Amino acid sequence: MRGVAAGLAVCGFGAGSIFSPFTQNALIGKDYAKTGTVFLGIELTFVILGSCYFVVMGLCSIILRMPPPGYHVRGINIHTVKGAEMVYVKSSGMELTSSTDVKPTLPVLDHSAYFSMTLMESLQSYQYWMIYFMFLGAEITGLLIISKIQSIASNQFGRTANEAASINSGLGGMNLLGRLILPLISDLLGARKPLYCLSLAVQAICLGCLPSALANHSFGGTLACAFIIGFFYGGGFGMIPAFLADQFGAKNVGATHGVILTAWAIAAVCGGLIFTAVYNAQSHIYPNDVSMWYNLDFRWILAPVLFSFLLSLFIPANLRDRKLPRAPGETFRYRFINGRLIRFTGCKVHMLTAAEEEAEWQTYLAGLSNLPQSKPVEVVSSENGHSREYGHSSEYNHSRHSGNGVDPFSQNGFGKVQVY
């Protein structure tokens, strides 16, 4: 449930935007935007809010803990790349069915460590930078909508400051829901990439509709588009740590997530500057037609969103897409929406069957020269449930036949070996 964990970790960021508009308006001055009348002013508001945030974050940091060495969940540790947790070489496992009956049944040699990546390998990989620019396009619309929605509500639809703040709060609620719901869905699907494709496609449609909604003075249509964009903006932000952990391993997610947040910052700073410059130019060209002030802005934002959508379609999110050796003459490969791998060889296009792909994958695994050690083996007594973990099956054999030659778990007569 990496997605849910990541969504919960960042949902506070979205939740803050629900109440922050009211807090800021109260501290700065409720009528500051219209009359310039202040209560505490902008500077002191920054100091007060910043101090409060510092205290809250300092207290929360006290309870953070690092996991112990060797910690894993269902065979997944901080080094595991998505797809590698199920990569095994079929070899002799063991199942203890009685004190004297041991038979080979389960795979014990594991290649998952072979696919782990260092931080530099992650940052230098082309798929990382594809995700980087995809993320920039997925977040730029939501950032600009959230920052301008109060102005749009006041300037285009004549809403009061309190009404505009309430709209911004509602948008923050959709942002929060996106951070919780989309990561959960991505866990249930077992994939993040399709949801990013969906997010970018829906945002592009909403951006195409916004100019018409503003031109027709459709308050409901404008809010619907803004709230949908806010939902997918939050969802994209919530899924990105899990997506990075899937692709490059949890051990690298801190640094890779930190770097990818520069895309979010660039979208906010550069996008905001361009948005404001275009808005000022449009307001001078059409001083009496407020419906045109945001028209061009929403159209230029559409370009990076569409580019990111196309980019997202070709991100090799599947481990086999990246590692499976190319066939002779293969120029391009693409994993279709049904999960099947399509191979382009010259002018020929071939969609591999699941059996063909699995056969090629097993051949590739068998040819790897540097085999990591086997997965741990746990011996469990079926009667009292006591267990002991061994590094691999050879450790188990050594323990079982060393010393007085008595298997500590055979005294009950039955037990089992679990490879996980």
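Above this note sits the structure.
Throughout what follows, the structure given in this document is the object of discussion.

Quick notes on the rules
Residues numbered from 1 in each chain as written. Predicted model: local features only at pLDDT ≥ 70, side-chain atom pairs only at ≥ 80, totals over all residues. Heavy atoms only, no water. Helix = DSSP H or I, 4+ residues; strand = E, 2+ residues; numbered from the N terminus. Contact = heavy atoms within 4.5 Å. Areas by Shrake-Rupley, 256 points an atom, 1.4 Å probe, with all protein chains shown as cover. 1 Å grid on protein atoms, 1.4 Å probe; cavity = no way out; pocket = protein on both sides within 12 Å on 5 of 7 lines; lining within 4 Å. Points joined across faces, edges and corners; volume = space filled by probe spheres on them. Core = buried A, V, L, I, M, F, W, Y, C linked by side-chain atoms within 4.5 Å. Buried < 20%, exposed > 50% of the residue type's maximum accessible area, 1.4 Å probe, protein only. Phe/Tyr/Trp six-rings, centres within 6.5 Å; stacked < 30°, edge-to-face > 60°. Expected span 1.5 Å × (residues − 1). Bend = angle between axes of the 7 residues up to and from the residue. Pairing = 2+ DSSP bridges.

1. Re the overall build of the protein chain
In step 1: In terms of helices and strands, the protein chain carries 13 helices and ten strands.
In step 2: Considering only contacts in the protein chain between residues 6 or more positions apart, those separated by 24 or more positions represent 66%.
In step 3: For the protein chain, the exposed surface amounts to about 21500 Å²; the carbon and sulfur share of it is 65%.

2. Quick word on empty space enclosed by the protein
In step 1: Summed over all chains, the structure comprises one cavity of 30 Å³ or more.
In step 2: Within this model, the largest cavity holds a volume of roughly 30 Å³.
In step 3: If you go around the largest cavity, the residues you meet are I149, I152, A153, F157, I167, F219, T222 and L223.
In step 4: Among the elements of the structure, α5 (126-157) and α8 (219-248) are those that each provide at least two residues to the lining of the largest cavity.

3. Examining the environment of S17
In step 1: Of note, S17 is situated in helix α1 (residues 2-28).
In step 2: Distance in space between the C-alpha atoms of S17 and L171 is 8.1 Å, their sequence separation being 154 residues.
In step 3: Each residue touching S17, except ones within four places of it in the same chain, is listed here: N168, S169, G172 and N175.

4. Topic: the nonpolar core
In step 1: Core analysis: the biggest nonpolar cluster contains 57 residues, and I131, I240, F243, I260, Y294, F298 and I301 have the highest contact counts within it.
In step 2: When residues of this core are traced back to their parent elements, those giving at least two are α5, α6 (161-189), α7 (193-215), α8, α9 (253-285) and α10 (295-313).
In step 3: Looking at which element gives the most residues to this core, the answer is α5, with 16 residues.
In step 4: Not counting the four nearest positions on each side in its chain, I260 is found in contact with Y128, I131, Y132, F135, I240 and L244.
In step 5: F115, L324, L341 and L368 belong to the second-largest nonpolar core, a separate cluster that totals nine residues.

5. A short note on the packing of aromatic side chains
In step 1: This structure, assessed with the given rule, holds 20 aromatic pairs.
In step 2: On the basis of an interplanar angle of 85° and a centroid distance of 5.9 Å, the ring pair of Y279 and W293 is categorised as edge-to-face. Residue Y279 is located in helix α9, and its partner W293 is located in the loop between α9 and α10; the two are separated by 14 residues in the primary sequence.
In step 3: A relative accessible area of 17% places Y279 in the buried class.

6. With respect to α7
In step 1: Helix length check: α7, at 23 residues, gives a terminal C-alpha distance of 34 Å against a target of 33 Å (1.5 Å per residue), a fit within 8%.
In step 2: Note on α7: the residue one or two positions beyond its end, H217, has a positive phi of about 55°.

7. A word on α5
In step 1: Here α5 contains 32 residues, and its C-alpha end-to-end distance of 45 Å stays within 8% of the 46 Å for a straight helix at 1.5 Å per residue.
In step 2: Its maximal kink placed at K148, α5 deviates by approximately 50°.

8. Things to note about the pairing of strand β6 (residues 341-345)
In step 1: Sheet analysis places strand β5 (residues 330-335) next to β6, joined by five bridges and oriented antiparallel. Across the sheet, F332 pairs through a bridge with F344, a residue of β6.
In step 2: Hairpin remark: β5 followed by β6, antiparallel, with five residues in the connecting loop; positive phi at G339, about 90°.
In step 3: Relative to strand β7 (residues 348-351), β6 is paired through four bridges, and the arrangement is antiparallel.

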